[in-house]
Amino acid sequence: MQSLWKILTVAPLFLLLSLQSSASPAYSDLSRPSYSNGHTCVEKLFLKTTCYLVIDKFGSDIIKLLSADMNADVVCHTLEFCKQNTGQPLCHLYPLPKETWKFTLEKARRIVKKSPILRYSRSGSDICSLPILAKICQKIKSAIEQSVPFKDVDSDKYSVFPTLRGYHWRGRDCNDSDESVYPGRRPDNWDVHQDSNCNGIWGIDPKDGIPYEKKFCEGSQPRGIILLGDSAGAHFHISPEWITASQMSLNSFINLPTALTDELDWPQLSGVTGFLDSTVGIEEKSIYLRLWKRNHCNHRDYQNISRNGASSRNLKKFIESLSRNKMLDYPAIVIYAMIGNDVCNGKSDPVPAMTTPEKLYSNIMQTLKHLNSHLPDGSHVILYGLPDGTFLWDNLHNRYHPLGQLNKDVTYAHLYSFLNCLQVSPCHGWMSSNKTLRTLTSERAEQLSNTLKKIAASEKFTNFDLFYMDFAFHEIIQEWQKRGGQPWQLIEPVDGFHPNEVALLLLADRFWEKVQLQWPQILGKKNPFNPQIKQVFGDQGGH
């Protein structure tokens with residue numbers, strides 16, 4: 001799912017599949033935060049129009065087909081959200097109808113033969129073709145493609161709104177009419193008159209006439225955290241409540257507008273740049289919150305430059321969205337974590353499309369040269385290796401997916417097969433019953449990790465030190481098992497692929513431990529003035 005309108009296009013497919021099920025696992029998403037401000041006007045207009053359009057175009061025929069005892073697969077193929085190309089196998093998630101598939105499909109098509117649905121689905125039109133939404137769609141498309149905020153008055157790449165690449169993704173702007181004011185910059189004249197770096201610290205101490213920024217932050221080695229990542233780093237998450245009928249209520253969808261306008265990502269709860277408390281009941285914090293706790297002068301200095309589907313191959317398309325000025329800003333810790341898409345794709349034969357070690361080397365060197373030209377001196381870059389994704393099949397394949405828990409008819413093996421058949425799997429190589437393919441995928445991942453390790457050991461840059469860290473997911477599994485958990489509980493239940501919030505926070509904890517032990521200089525000093533900052537400035541304006 002690469003963009004908002006593509007998500008909305010496939011939304012009916014998820015809804016159709018969910019109609020076959022009416023049970024969900026013991027999983028609650030109601031504690032995820034909701035937001036209310038002027039920005040929701042865009043969300044409500046866009047999503048309300050989408051809802052009406054979907055119901056108008058498909059609602060009556062979906063009801064007709066379900067009333068005729070057609071299952072979700074039949075409905076999906078009838079409405080052409082699912083397709084069987086000539087010579088290709090039939091893709092289905094649920095058990096086939098008792099009657100022959102051809103007969104059932106012809107019967108379903110007769111039911112809707114007078115409908116405009118099929119003409120509509122082939123026309124290529126979508127909600128963005130509506131005049132009222134055309135300009136909004138164009139702005140949203142541009143923001144998502146460039147990974148910059150939809151609403152950014154002063155064009156400094158920071159926003160006062162949360163979603164559509166706003167402050168869920170990077171620190172909240174504290175003056176959106178002044179491009180010289182943004183998180184992460186060195187203070188302008190020690191912020192005597194205004195908060196130029198949005199860390200909530202400014203003004204002069206009346207007791208001695210010393211600017212607070214100078215008194216509390218000078219020499220404390222402030223630094224920001226920047227993630228160059230994929231959907232895992234952005235924390236891709238689809239709530240099981242959205243696709244399981246027995247759990248659906250008005251409260252179930254309270255955060256859906258926020259999720260859709262964040263591309264079904266939850267960076268505000270991610271392991272690297274999350275700034276909200278965990279919703280899953282564990283004490284671990286994100287790397288950003290740990291940096292803030294270490295030095296309150298780091299407040300709001302985070303950037304999550306991640307995209308669904310990102311890899312070393314396409315990072316160049318959006319790395320320009322990274323905001324750092326060599327002369328004006330503080331140093332940064334940059335984590336490069338493209339952990340899957342260089343080996344993951346949905347093609348029927350995924351191996352030829354995998355990134356080779358030679359190509360990865362070229363891509364990474366291009367990225368590092370870009371960073372060296374933008375990062376202030378004293379920065380640090382950490383290259384994250386790739387995981388061994390055989391974990392997915394080994395721990396999930398025989399478990400029931402949320403869509404199959406009621407009737408015990410859909411396992412993760414069925415889901416993986418269905419997605420592979422449609423060639424829309426996020427990772428055919430690891431989400432496959434073919435053990436040889438899973439092994440080949442892990443071997444390529446290991447080769448790419450070794451390439452990253454060699455680059456970190458041999459290449460030098462003027463503005464940052466370079467490090468490598470293994471993506472040691474097995475260590476996270478061991479830690480979770482010590483707490484009484486099961487390995488499968490670390491994976492997103494709906495997509496059966498991404499690490500969930502628990503896993504991301506445990507990874508952040510392990511990252512912090514390793515950096516403290518091996519490279520403590522990366523983290524900067526502990527600020528002894530943190531208590532005074534809290535006493536004078538409270539929550540520093542919040543997030």
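Residues numbered from 1 in each chain as written. Predicted model: local features only at pLDDT ≥ 70, side-chain atom pairs only at ≥ 80, totals over all residues. Heavy atoms only, no water.

An unreviewed UniProt entry lists the protein chain under the name Acyloxyacyl hydrolase, from Mandrillus leucophaeus.

### As for the packing of helix H10 (residues 287–294) against helix H16 (residues 501–518)
Just so we agree on the cut-off: Each axis is a line fitted through C-alpha atoms, and for a helix only the stretch in contact is used; angles between axes span 0 to 180 degrees, taken between their N-to-C directions. For the purposes of this entry, the term helix denotes a DSSP run of H or I that reaches at least four residues, the term strand denotes a run of E that reaches at least two, and both are numbered from the N terminus. Should an angle fall under 35 degrees it is called roughly parallel, over 145 degrees roughly antiparallel, and 65 to 115 degrees roughly perpendicular, with every other angle called oblique. It only takes one pair of heavy atoms within 4.5 Å for two residues to be counted as in contact. As a working rule, the residues Ala, Val, Leu, Ile, Met, Phe, Trp, Tyr, Cys and Pro are called nonpolar, Asp, Glu, Lys and Arg charged, and the rest polar, with Gly in that last group.
It is at 9 Å that the axes of H10 and H16 come closest, and there the two elements cross at 50°. Accordingly, the angle class assigned to the pair H10 and H16 is oblique. Every residue of H16 that contacts H10 at Ile287, Arg290, Leu291 and Arg294 is listed here: Ala508, Asp509, Phe511, Trp512 and Gln516. Split by residue class, the contact of H10 with H16 holds five nonpolar, one polar and three charged.

### A look at the pattern of salt bridges
Defined as follows: Definition used for salt bridges: Asp or Glu carboxyl oxygen within 4 Å of a side-chain nitrogen of Lys or Arg.
Evaluation of the coordinates by the stated rule reveals 14 salt bridges. A salt bridge links lysine 214 to glutamate 218; its shortest N-O distance comes to 3.0 Å. Among the ionic contacts, a cluster of salt bridges with common partners joins Glu475, Arg510, Glu513 and Lys514.

### Points about empty space enclosed by the protein
So the rule is basically this: Residues are said to line a cavity or pocket when one of their atoms sits within 4 Å of a point; the points come from a 1 Å grid over protein atoms alone, cavities being sets where a 1.4 Å probe fits but cannot get out and pockets being open sets with protein on both sides within 12 Å along at least five of seven lines. Grid points are joined across faces, edges and corners, and a volume is the space filled by probe spheres set on the points.
Within the structure shown, the criterion is met by six cavities of 30 Å³ or more. Estimated volume of the largest cavity: approximately 180 Å³. Residue lining of the largest cavity: 15 residues in total, with Gly233, Val272, Tyr384, Leu504 and Leu507 positioned closest to the centre. At the level of secondary structure, the elements contributing two or more residues to the lining of the largest cavity comprise helix H8 (231–234) and H16. Take the lining of the largest cavity: its biggest share by element is three residues, from H16. A volume near 60 Å³ is recorded for the second largest cavity. Taken together, 14 residues line the second largest cavity, and the ones lying closest to its centre are Leu276, Asp277, Ser278, Ser286 and Leu505. Its residues placed into classes, the lining of the second largest cavity shows five nonpolar, five polar and four charged.

### Digging into helix H15 (residues 473–482)
Worth spelling out the cut-off: For the exposure calls, accessible area comes from a 1.4 Å probe over protein chains only, and a residue counts as buried if that area is under 20% of its type's maximum, exposed if over 50%, partly exposed in between.
Restricting attention to buried positions, one finds in H15 the residues Phe473, Glu475, Ile476, Ile477 and Trp480. Looking at the buried side of H15, the elements it contacts are helix H12 (390–396) and H16. Positive backbone phi, approximately 95°, marks glycine 484, located one or two places after H15.

### Focus on the packing of aromatic side chains
Our working rule: What counts as a ring pair is set by centres within 6.5 Å for rings of Phe, Tyr and Trp (its six-membered ring), and what kind of pair is set by the plane angle: stacked under 30 degrees, edge-to-face over 60, tilted for all other angles. By the criterion adopted, a ring carries a charge over it if an Arg CZ or a Lys NZ lies within 6 Å of its centre and within 35 degrees of its normal.
Applying the stated criterion across every chain yields a total of 15 aromatic pairs. Seen from their ring centres, phenylalanine 467 and tryptophan 519 are 4.8 Å apart, and the 40° between their planes marks the pair as tilted. One end of the pair, phenylalanine 467, is in strand S5 (residues 464–469); the other, tryptophan 519, is in the loop between H16 and helix H17 (530–537), and 52 residues separate them in sequence. Connected via pairs of aromatic rings, a cluster forms that spans Tyr384, Phe391, Phe471, Phe473 and Phe511. Sitting over the ring of phenylalanine 150, lysine 139 keeps its end group 5.0 Å from the ring centre. The cationic tip of arginine 165 hangs over the ring face of tryptophan 169; the distance from NZ or CZ to the ring centre is 3.6 Å.

### Remarks on the sheet that holds strand S3 (residues 332–337)
Here is the rule: DSSP calls a pair of strands paired once it identifies at least 2 bridges connecting them.
Strand order in the open sheet made by the five strands is S2-S1-S3-S4-S5, with parallel pairing throughout. At either end of the open sheet lies a strand with only one pairing partner, and these are strand S2 (302–306) and S5. Each strand axis lies, on average, 15° off the axis of its neighbour in the sheet, ignoring direction. Pairing geometry for strand S4 (residues 379–384) and S5, over six bridges, is parallel. Directly across from isoleucine 382, in S5, lies its bridge partner phenylalanine 467. Packing against the sheet, H16 makes contact with S3, S4 and S5, and its axis sits at approximately 125° to S4.

### Thoughts on the side chain of histidine 77
Here histidine 77 shows up in helix H3 (residues 72–78). On the basis of relative accessible area, histidine 77 is assigned to the buried category, the value being 5%. Residue contacts for histidine 77: discarding those within four places in its chain leaves Cys82, Lys83, Gln84, Leu90, Cys91, Trp101, Leu105 and Arg109.

### So, the state of the cysteines
So the rule is basically this: Two cysteine sulfurs form what is called a disulfide whenever their separation falls within 2.5 Å.
Evaluated as defined, the whole model comprises five disulfides. Here cysteine 76 pairs with cysteine 82 through a disulfide, and the sulfurs are 2.0 Å apart. Its torsion about the S-S bond being 75°, the disulfide of cysteine 76 and cysteine 82 is classed as right-handed. Neither cysteine 76 nor cysteine 82 differs from the other in exposure class; each is buried. One disulfide bridge connects cysteine 344 with cysteine 427, the sulfur atoms lying 2.1 Å from each other. With the S-S dihedral at roughly -65°, the linkage between cysteine 344 and cysteine 427 falls on the left-handed side. Here cysteine 344, found in the loop between S3 and helix H11 (357–374), pairs with cysteine 427, found in the loop between helix H13 (412–422) and helix H14 (435–458); they are 83 residues apart in sequence, far enough to count as distant. We classify cysteine 427 as buried; its relative accessible area is 0%.

### Focus: the nonpolar core
As a rule of thumb, nonpolar side chains are buried together in soluble globular proteins. Rules: To form a nonpolar core, buried Ala, Val, Leu, Ile, Met, Phe, Trp, Tyr and Cys residues must be joined to one another through side-chain atoms within 4.5 Å.
With 104 residues, the main nonpolar core has Leu368, Leu371 and Leu383 as its most contacted residues. The element that contributes the greatest number of residues to this core is H16, accounting for nine residues. Dropping the residues within four chain positions of it, leucine 368 is found in contact with Val381, Leu383, Ile455, Phe461, Phe464 and Leu466. Of all hydrophobic cores here, the second largest spans 11 residues; its members include Met70, Val74, Trp101 and Leu105.

### Quick notes on a negative patch on the surface
Note the following rule: Patch criteria: residues need more than 30% relative accessible area and no salt bridge. Like-charged residues are merged within 9 Å; nonpolar side chains of Val, Leu, Ile, Met, Phe, Trp and Tyr are merged within 5 Å. Only the protein chains shown count as cover for residues, and all accessible areas are computed by the Shrake-Rupley method using a 1.4 Å probe. Charge convention: Lys and Arg are scored as positive, Asp and Glu as negative, and His as well as the terminal groups of each chain are ignored. Charge positions come from single atoms, namely NZ of Lys, CZ of Arg, CG of Asp or CD of Glu.
Together, Asp388, Asp394, Glu443 and Glu446 line one region of the surface with negative charge. Relative to the elements of secondary structure, glutamate 446 occurs in helix H14.

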